[in-house]
Amino acid sequence: MLVHNRKAKWAVWAVFLLLFLPLFALPLLVVLGASFATHWSGVLPSGLTTANYRAATRGEALQALTTSLVTAVTASLFALAVGTWAALAAAALKKRHRRILDALFVLPVAVPSVVVGLSVLVAFSQPPILLNGTRWIVILAHTVLVTAFAYQSVSAALVRLDPAYEQAAASLGAPPAYVLWRVRLPLLLPSLTAAAGLCFALSMGELSATMMLYPPDWTPLPVLIYAATDRGALFIGSAVAVVLMAATLIALFAVSRVRTKASYR
Amino acid sequence: MGIRFDSVTVAYDGNVVLDSLDLTVEPGEVMALLGPSGSGKTTALRAVAGFVRPSSGRVFLGDRDVTDLPPHRRGIGMVVQQYALFPHMRVEDNVAFGLKARRTAKSEIRRRVAEALEMTGMGAYARRFPRELSGGQQQRVAIARALAIRPDVLLLDEPLSALDAQLRSGMLAELARLHRELPDVSILYVTHDQVEALTLADRIAVMDAARLQQCGTPRELYRAPKSEFTASFVGGANLLPVTVGAGGVSFAGTELKVDTTEVVAGARATLCVRPHLVGLGDGPNQLMGTVREIQWRGATHRLYVEVDGHSVMADLRELKHPPAHGDTVRLHFAPDDAVLLPAGVSHG
Amino acid sequence: MAEAVQNARAVRGWSRSSPRPFGALLWALPPIAALALFFLYPLALVVQQSFQPDTGGTSFQPYADVFASEAFRHALWTTVWLALASTAGCLVLGFLLALVIAFVPFPGAKAVARFIDVYLSFPSFLITLALLFIYGTTGIIGSFQFLTTPWGVLLAEVTYFTPFVMRPLLAAFSQLDTAQLEAASSLGARAPRIIRQVILPEALPALAAGGSLVLVLCLNEFGIVLFTGAKGVTTLPMLVYSKAILESDYPGACVVAVVNVLISVGLYGLYRVVSRRAGA
């Protein structure tokens, strides 16, 4: 509707593909291609094999996958609980107070993840709470990092939620807790699952804070990928990266299935 | 149970949206709040429901002062413009919602849900979701949901404005029937549509600019409006500037006989005559003018006649030989069909 | 008048779902307490530690040491210009690509928009990993030391963060009334003019929001830089990591962390104010 001339249209599309494909599609294809290869010195990878995947789905890699999944699920659930609670509480506040809560819960986005890692390391390597060397310090850092995103998505959904529903419920005699449980939360469910998916994906790919914190027996996938590339095992690293992407995608897909079932309008 | 507003004022950020409203709805009465948007009528309704808190004044339901009660303790039924049916619940669960929230016994819930759905003719749709219903059906479910809790007071906020014209007149008849079946329920009905108000209400409260302009039966408002606003908002009206004389008024040099007992001689006033009470040809209170426009409306002709620079409307039974554009015609009206209003108070 | 205003405030608090303002504050306390314990308190400890040199006591010595080092000043400069350049690149590229997807739609444009959503859920270091194959010493283009220069990091950051600009833009474009565009073009306006006068003003809030997010994410980016494995490009987050983990210089790491946080939070705050003014 912006460009009407046929020739001009094709020119625009050609430029789009020239920018889009190399920049965005190529990196993913390269990682995918490399994961099936043993050499890459020409235009195409060579020495096709599935051995990388055998290495990427057993032993230490398999354990890293479990570690990542457990971390991501736990952190997402915590973040969703805290973020939803905070967003609901903020929605009931006066504008001035709500602004403060917004700023507080957005802050972890602005603070570098490395610094979040450093601060958690500093704070929980000393009494009263000693978490250093345990898996909990990793899960804690992930929770802090993704809570901000959970808070933001639930807050945005609450703004869009038509107050007519809760008012209709109140006029029918339902006290606030009943309205929350039977009306507001069910109506928010699609946004809650979307927020959960986002938190999960972010946690699965988290590297910065994790690098500062991970104990030897709790190595998530990103750290393993870094370790592999650092010692030059690029092709195995790619295979592990593909496993990471696949796990993330499967989880997101499952969440979006729940979401379509939960959306009523 | 009745509703009473005791000089209720509502203000947002210093903006007065409802200015000391005094109004009583008797038990079992249908009261329409009629006015243009921004007139404060919805605010008044929401003050009864408990969603806005008066800055001053009290709201009573029966003898109970509910001003400080949260909405869920007020025991009112409410239906709003967009129905607000819970999209994640079936029709029956929507209707049962208020009863479940009150922990009513299961068997009683079933009985009352069936009863409310039957009353609104929605019995066959109990298992449907709201999105599977038409607008008119959703409307009925919303009413059933409000009735299921057996409220003494029903608040209706523009309940028909989301429906098309044909459905609307059907639903009007339905609402009238429901009220006959539930004669003890007081209804506060907010609308900007005078037809809905005239059809349904026992009394109409006309609102404008955050204030109550006039309250009375539809007939009173129509026959004896007290202000230009009421006269023009409830039914159409010719509003002519006149000077009051002894036993009549003068308009554009013509003496007209009307009842002047309530006005001082020599004062300026506005003469209100309904278009359908204006006749064509000779008669009492004659006005001479030039036809500026003729509209044929099937059963009637509407004439716009210019009389000394003022346009006078006349609705006449379909004319066999209507006058032509530019013809000079005589109009007349009976002295007791005209009302004298104070000059230009609201629309001066 | 003052009373009326006060009353209006009372109405505001009431008209929302929770009737008692005090109760609402009480409900906000538990999440705030959790945030304070697990985020604000650790952050405060970092600030505290940045004033405590290893030799003991409380002083500005760690700051003096860090500010005096060439490595820090270099990292600061690299971080800031890389972030600014990446943001500019993302804004231009993201705006152009989103324009095409929204207004010169082609078969598959929807799929591309989907792909962008998915792309956002992948970690950033994947891009560097791919670039290692393309530009790395054994890669497609051959032994080209491109990746160890800041330009390699810039390319990776623009690649990874552009979708963060495109998504809010696509959302804004989908709200734009196409009738407005058709009216404009029926009046004889040509594409560049329509973009400048109709689309760009509508897109400004989205551009501001996306731009602010990308700027902060670039300032804080760690994975992309770490994966290049280059010693030549050091940014502030890298410096925090290497000082804390590789050198065990905690006071030094905390100083760099404080500087990094001040820049990021300051810029983010500024951008939020600006984008709110711009009508976001």
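Worth saying up front: this structure is predicted, and the values here are computed from it rather than measured.

Trainee: Please provide a residue-by-residue account of the overall build of chain B, values included.
Mentor: Counting its regular elements, chain B contains 8 helices and 20 strands. For chain B, the spread of C-alpha atoms along the three principal axes comes to 75 × 45 × 35 Å. Classification of the 348 residues of chain B by burial places 51% in the buried group. Pairs at least 24 apart in sequence give 67% of the contacts found in chain B among residues at least 6 apart. Both charge centroids of chain B, one from 39 positive and one from 40 negative side chains, sit 8 Å from each other.

Trainee: Which residues make up the overall build of chain C, and what values go with them?
Mentor: What chain C contains, in helices and strands, is 12 helices and 0 strands. Reading the helices (α) and strands (β) of chain C from amino to carboxyl end gives α-α-α-α-α-α-α-α-α-α-α-α. Taking all 280 residues of chain C together, the buried fraction comes to 49%. Sequence-distant contacts, at least 24 apart, represent 70% of the contacts inside chain C between residues at least 6 apart. Taken as a whole, chain C presents about 12900 Å² of accessible surface, with 65% of it coming from carbon and sulfur.

Trainee: Let's hear about the interface of chain C and chain A: which residues, and what values?
Mentor: With 85 residues of chain C at the interface, the matching set in chain A holds 83 residues. Here chain C and chain A share an interface that buries about 7400 Å² over both sides, 82% of which is from carbon and sulfur atoms. Where chain C packs against chain A, one counts 0 salt bridges. Residue contributions to the side of chain C that touches chain A peak at 19 residues, all from helix 2 (residues 21-49) of chain C. Per-class residue counts for the side of chain C that touches chain A are 67 nonpolar, 15 polar and 3 charged.

Trainee: Residue-level account of the domain arrangement of chain B, with values.
Mentor: Residue and element names in this part refer to chain B. Segmentation of chain B into domains returns domain 1 (3-228) and domain 2 (236-342). On a C-alpha basis, the centroid separation for the pair domain 1 and domain 2 is 39 Å. Listed per partner, the contact involves 8 residues of domain 1 and 11 residues of domain 2. Here domain 1 and domain 2 share an interface that buries about 750 Å² over both sides, 50% of which is from carbon and sulfur atoms. It is Tyr222, Arg223 and Glu228 that lose the most area in domain 1 upon contact with domain 2, and together they represent 69% of the buried surface on that side. Where domain 1 packs against domain 2, one counts 1 salt bridge. Here aspartate 337 makes a salt bridge to arginine 223, at a shortest N to O gap of 3.5 Å. Inspection of the domain 1/domain 2 interface yields 2 residue pairs in polar contact (both at pLDDT 80 or more). If one sorts the elements of the side of domain 1 that touches domain 2 by residue count, helix 7 (residues 218-223) sits on top with 3 residues. A breakdown of the residues in the side of domain 1 that touches domain 2 according to their chemical character gives 4 nonpolar, 1 polar and 3 charged.

Trainee: Can you tell me about the sheet that holds strand 18 (residues 310-317) of chain B, naming the residues and giving the values?
Mentor: Residue and element names in this part refer to chain B. If you walk across this open sheet you meet the 5 strands as 15-19-16-17-18, and the pairing is antiparallel. Each edge of the open sheet is held by one strand with a lone partner, namely strand 15 (279-280) and strand 18. The pairing of strand 16 (residues 287-296) with strand 17 (residues 300-307) spans 6 bridges and is classified as antiparallel. Each bridged residue has a counterpart across the sheet, and for glutamine 295 the counterpart in strand 17 is arginine 302.

Trainee: Give a description of the packing of aromatic side chains that names residues and reports values.
Mentor: Scanning the model with the defined rule gives 30 aromatic pairs over all chains in all. Taking NZ or CZ as reference, arginine 4 of chain B lies 4.3 Å from the ring centre of phenylalanine 60 of chain B, over its face.

Trainee: Describe the sheet that holds strand 14 (residues 268-273) of chain B, with residues and values.
Mentor: All names here are of chain B. Across the sheet, 5 strands lie side by side as 13-12-11-14-20; this open sheet has antiparallel pairing. Both outer strands of the open sheet, strand 13 (254-256) and strand 20 (338-342), are each paired with one neighbouring strand and no more. Pairwise comparison of adjacent strand axes, ignoring direction, gives a mean angle of 45° for this sheet. Relative to strand 20, strand 14 runs antiparallel, the two sharing 5 bridges. Among the inter-strand pairings, valine 273 is bridged to a residue of strand 20, identified as alanine 338.

Trainee: Tell me about the pattern of salt bridges, and name the residues and values.
Mentor: All names here are of chain B. On inspection of all chains with the given rule, the structure shows 23 salt bridges over all chains. When the shortest N-O distance is used, the salt bridge between arginine 302 and aspartate 315 registers 2.7 Å. In this pair, arginine 302 is assigned in strand 17 and aspartate 315 in strand 18, connecting sequence segments 13 residues apart. Connected through salt bridges with shared partners, the residues Arg53, Arg58, Asp65 and Asp68 form a single ionic network.

Trainee: Tell me about the interface of chain A and chain B, and please be specific about residues and values.
Mentor: Chain A puts 19 residues into the contact, and the matching count from chain B is 21 residues. Between chain A and chain B, roughly 1900 Å² of surface is buried when both sides are summed, and carbon and sulfur atoms account for 70% of that area. Applying the counting criterion to the chain A and chain B interface returns 0 salt bridges. At the junction of chain A with chain B, the criterion picks out 3 residue pairs in polar contact (both at pLDDT 80 or more). Secondary-structure elements contributing two or more residues to the side of chain A that touches chain B are helix 7 (163-171) and helix 8 (176-205) of chain A.

Trainee: So, the side chain of threonine 191 of chain B: which residues are in play, and what are the values?
Mentor: Residues and elements named next belong to chain B. You can see threonine 191 is positioned in strand 8 (residues 186-191). Of note is the side chain of threonine 191, whose polar atom sits 3.1 Å from the side chain of glutamate 196. The contact partners of threonine 191, leaving out residues within four places of it in the chain, are Leu33, Leu34, Gly35, Lys41, Glu158, Glu196 and Ala197.

Trainee: Quick rundown of the environment of alanine 75 of chain C? Include the residues and the values.
Mentor: Residue and element names in this part refer to chain C. As for its placement among the helices and strands, alanine 75 is situated in helix 4 (residues 70-103). Note on alanine 75: relative accessible area 0%, which makes it buried. Counting along the chain gives 181 residues from alanine 75 to valine 256, while the straight-line C-alpha distance between them is 9.9 Å. If we ignore the near neighbours within four places in the chain, the residues touching alanine 75 are Thr234, Thr235, Leu236 and Leu239.

Trainee: Quick one: what's the story with the environment of alanine 148 of chain A, residue by residue and with numbers?
Mentor: Residue and element names in this part refer to chain A. Within the secondary structure, alanine 148 is located in helix 6 (residues 135-160). The exposure class of alanine 148 is buried, given its relative accessible area of 1%. When the C-alpha positions of alanine 148 and methionine 204 are compared, they lie 16 Å apart, and in sequence the two are 56 residues distant.

What counts as what
- Residues numbered from 1 in each chain as written.
- Chains lettered and ligands numbered in written order.
- Predicted model: local features only at pLDDT ≥ 70, side-chain atom pairs only at ≥ 80, totals over all residues.
- Heavy atoms only, no water.
- Helix = DSSP H or I, 4+ residues; strand = E, 2+ residues; numbered from the N terminus.
- Buried < 20%, exposed > 50% of the residue type's maximum accessible area, 1.4 Å probe, protein only.
- Contact = heavy atoms within 4.5 Å.
- Lys, Arg positive; Asp, Glu negative; His and termini not counted.
- Charge placed at Lys NZ, Arg CZ, Asp CG, Glu CD.
- Areas by Shrake-Rupley, 256 points an atom, 1.4 Å probe, with all protein chains shown as cover.
- Buried area = accessible area lost by both parts, 1.4 Å probe.
- Salt bridge = Lys/Arg side-chain N within 4 Å of Asp/Glu carboxyl O.
- Nonpolar A, V, L, I, M, F, W, Y, C, P; charged D, E, K, R; others polar.
- Domains from an automatic or database assignment.
- Polar contact = N/O pair within 3.5 Å; in protein donor to acceptor, adjacent residues only side chain to side chain.
- Pairing = 2+ DSSP bridges.
- Phe/Tyr/Trp six-rings, centres within 6.5 Å; stacked < 30°, edge-to-face > 60°.
- Lys NZ or Arg CZ within 6 Å of the ring centre and 35° of its normal.
- Axes fitted to C-alpha atoms, helices over the stretch in contact; angles between N-to-C directions.

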